[in-house]
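# Remarks on the overall topology
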Amino acid sequence: MSSHSPSHASSQEIRSRLDHPVIDADGHIIEFLPAVRDFLVEEGGRKLAEEFDQVVDAGRRLESLSIDERRAMGAFKLTWWPYPAENSLDRATGMLPGLLYDRLDEFGIDYAVLYPTMGLTGMSLDQTDLRRASIRAFNRCAAEMFAPYSDRLTPVAMIPMYDPGEALDELEYCVGELGLKTVLLNGLVYRPLTKDPDASRGARWVDAFGPESPYDYDPVWAKCVELGVAPTFHSSAMGFGSRMSQTNYVYNHIGNFAQAGEATCRTMVMHGVPQRFPELRCAFLEGGVAWAANLYSDLIGHFGKRGLGGIHAYDPDRIDRSQLRALFESHGSERFKKHLDELEEGLGHLSGPGLFQDDFAGTGIECAEDLKTIFERNFRFGCEADDPMNAVGFNRDINPLGAQMRAIFSSDIGHWDVTDMSETVEEAWELVEAGLLTEADFRDFTFVNAATMWTEPNPRFFEGTVIESAARALADSSGQLIDGDAR
């Protein structure tokens, strides 16, 4: 819960006062695995389904290993007790689409986009056959489960990114055959440092699809634009960097979604993806927006000093050697003065010839305003309702050039951090009550930023839904083309 005093109004009452819909950009399904398993058997056979059963059971089996054994495997303390339990109504709501649909008004939510839970594990499996079959099974199951409720609920399609080919295959299948219109892509892929089959599984590097990647992912971004889908990323940083505790889940969990989202977002900017694909809309989920404001301001600071406009101020050839020698003579101690003939040697650290490069050459960025455009046009940032730092995204006085980070309301219903599904809109509204968000900001947070993320690439996204008219009015007011052929 946030530090602000709770609203006296319920989520349903708050929604009744609003003149706009509320979109939940990131709720979660708690998959009923026996149902998913039916599809997995169809996709890969019983043997593959049994392999996935072992993946599901991995957490229990890891507990029997010593800390040294876990460390050698690159294993970390996994999530435990992640779902509602005492609140059994909420547990069932996460599992049963019909029950969730019936409770949406109680939640104050008009339309919800739903992400997998156990399915996220399938996206990170190293075994190609198991990964692709399990993802296909989860996607098919979700499409079937939520088809009767499409006016208010839509599940995402999981898109594996271990190589561009499998991503393109699943994009075509899910959008073209299953009719799914929201997609979840790996934001990171953990790749082995060596091809040695006996090497520790912990010896891996993190591929965020930049120039160091073994693959060119531009065809994936181009396909997303072609299909009219906005790729979203819901990656975890548990398992790399400092989040490798073998004993403490909370230690690993804190900040992990922000770190993972930052890695993907930073790579996309520095690799020039938003400039090559200005129509691309992306969301980085569950990590909040404070990290995005920090990344944005840091990029602007680095561009000003390390971009071509500022970097030559640090060119060693521009040092006035005569002035420097005179200052050493007038202000240096005897120990310094006795080395005056070695002054050039003392200036050589990390300053040798041939080091210069334009670190921003691959970004397509020509001025700081380009960064503002990228963050406001291309990116959205998923924020849980009870995070008080959500206000940072809307603080134009702090964000350079008066930018607004496009935060989107994300309930995270289905998981342990939501103690009561009916309170998420109420918790988000606390920032308005505290004077940290205006009602206009709240409208952007709960409606505009999410709606535009999906309708800009696909103007027909909300056709047949309960918020179709509101989305159309928003498009008309912003001058957005709503002809389905005009993307």
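Conventions used here
- Residues numbered from 1 in each chain as written.
- Predicted model: local features only at pLDDT ≥ 70, side-chain atom pairs only at ≥ 80, totals over all residues.
- Heavy atoms only, no water.
- Pairing = 2+ DSSP bridges.
- Helix = DSSP H or I, 4+ residues; strand = E, 2+ residues; numbered from the N terminus.
- Axes fitted to C-alpha atoms, helices over the stretch in contact; angles between N-to-C directions.
- Contact = heavy atoms within 4.5 Å.
- Buried < 20%, exposed > 50% of the residue type's maximum accessible area, 1.4 Å probe, protein only.
- Arc of directions from axis to C-beta.
- Salt bridge = Lys/Arg side-chain N within 4 Å of Asp/Glu carboxyl O.
- Parallel < 35°, antiparallel > 145°, perpendicular 65-115°, else oblique.
- Nonpolar A, V, L, I, M, F, W, Y, C, P; charged D, E, K, R; others polar.
- Phe/Tyr/Trp six-rings, centres within 6.5 Å; stacked < 30°, edge-to-face > 60°.
- Disulfide = S-S within 2.5 Å.

### A look at the sheet that holds strand β7 (residues 231–233)
The sheet built from 8 strands is open, its strands ordered β1-β2-β3-β4-β7-β8-β9-β10 with parallel pairing. Each end of this open sheet is capped by a strand with a single partner; those strands are β1 (23–28) and β10 (407–410). Along the sheet, successive strands turn relative to each other by an average axial angle of 30 degrees, direction set aside. In this fold helix α8 (residues 128–146) packs onto β2 (111–115) and β3 (153–159), with an angle of close to 170 degrees to the strand it touches most, β3. Contacting β1, β2, β4 (182–185), β7, β8 (282–284), β9 (379–384) and β10, helix α20 (residues 439–455) runs over the sheet at an angle of about 105 degrees to β10.

### Examining unusual backbone geometry
With a phi close to 45 degrees, Trp 81 is a non-glycine residue in the positive phi region. With respect to the element layout, Trp 81 can be found in the loop between α4 (67–73) and α5 (88–95). On the accessibility criterion, Trp 81 (73% relative accessible area) is exposed. For Leu 401, which is not glycine, the phi torsion reads 65 degrees and is therefore positive. Under the relative-accessibility criterion, Leu 401 is labelled partly exposed at 43%.

### A closer look at helix α21 (residues 468–478)
Within the sequence span of α21, burial applies to Ala 471, Leu 474 and Ala 475. For α21, the arc enclosing every buried residue in end-on projection is 100 degrees, short of the 170-degree limit, so these residues lie on one face. Relative to its buried face, α21 has exposed residues pointing more than 90 degrees away, namely Ser 469, Asp 476 and Ser 477. The secondary structure elements touched by the buried residues of α21 are α20.

### Brief notes about the pairing of β1
Taking burial as the measure, the 6 residues of β1 include 6 buried ones, the bulk of the element. Relative to β2, β1 is paired through 4 bridges, and the arrangement is parallel. Bridge pairing in β2 links Gly 27 to Leu 114.

### Notes on the environment of Arg 306
On the secondary structure map, Arg 306 appears in helix α14 (residues 290–306). What makes Arg 306 partly exposed here is its relative accessible area of 41%. Counting along the chain gives 92 residues from Arg 306 to Ile 398, while the straight-line C-alpha distance between them is 22 Å. Once residues within four sequence positions are removed from consideration, Arg 306 is found in contact with Ile 311 and Phe 360.

### Observations concerning the pattern of salt bridges
According to the stated counting rule, one finds 29 salt bridges in the structure shown. A salt bridge links Glu 172 to Lys 223; the shortest N-O distance between them is 2.5 Å. On the criterion of sequence distance, the pair formed by Glu 172 in helix α9 (residues 164–177) and Lys 223 in helix α10 (residues 218–227) is long-range, its members being 51 residues apart. By relative accessible area, Lys 223 is classed as buried at 13%. Between Arg 460 and Glu 463 there is a salt bridge whose closest N-O contact spans 3.5 Å. Judged by its relative accessible area of 41%, Arg 460 falls in the partly exposed class. Beyond isolated ion pairs, a larger network of salt bridges with shared partners links Glu 42, Glu 43 and Arg 140.

### As for the packing of α20 against α21
For the pair α20 and α21, interaxial distance at closest approach is 10 Å and the crossing angle is 80 degrees. By the angle between their directions, the pair α20 and α21 is classed as roughly perpendicular. Between α20, through Arg 443, Phe 447, Val 448, Ala 451 and Thr 452, and α21, the contact on the second element is made entirely by Ala 470, Ala 471 and Leu 474. Here the residues of the contact of α20 with α21 are counted per class, giving 6 nonpolar, 1 polar and 1 charged.

### A look at the environment of Leu 168
Within the secondary structure, Leu 168 is located in helix α9. Here Leu 168 falls in the partly exposed class, since its relative accessible area comes to 23%. Sequence-wise, Leu 168 and Gly 464 are 296 residues apart; in three dimensions their C-alpha atoms are separated by 27 Å. Setting aside residues no more than four positions away along its own chain, Leu 168 makes contact with Pro 219, Val 220 and Lys 223.

### As for the packing of aromatic side chains
One pair of aromatic rings is described through two measures. These are the centre distance and the angle between the planes. Tallying each qualifying case throughout the model produces 25 aromatic pairs. Between Phe 233 and Phe 284, the aromatic rings sit 5.4 Å apart at their centres with planes inclined by 20 degrees, giving stacked as the arrangement. In this pair, Phe 233 sits in strand β7 while Phe 284 sits in strand β8, placing the two residues 51 residues apart along the sequence. We classify Phe 233 as buried; its relative accessible area is 2%. Given a relative accessible area of 1%, Phe 284 falls into the buried group. Their ring planes at 85 degrees and their centres at 5.2 Å tell us that Phe 303 and Phe 360 sit as a pair that is edge-to-face. Highlighted residues: Phe 303 in helix α14 and Phe 360 in the loop between α17 (343–346) and α18 (368–377), separated in sequence by 57 residues. A relative accessible area of 15% means that Phe 303 is categorised as buried. Here Phe 360 falls in the buried class, since its relative accessible area comes to 6%.

### Here we look at the state of the cysteines
Enumeration according to the criterion identifies 0 disulfides in this entry. In this model Cys 367 remains outside any disulfide bridge; the closest cysteine sulfur is found in Cys 265, 18 Å from its own. Here Cys 383 is not cross-linked by a disulfide; its sulfur's nearest cysteine counterpart is in Cys 265, at 13 Å. Of the residues examined, Cys 383 reaches a relative accessible area of 0% and is grouped as buried.

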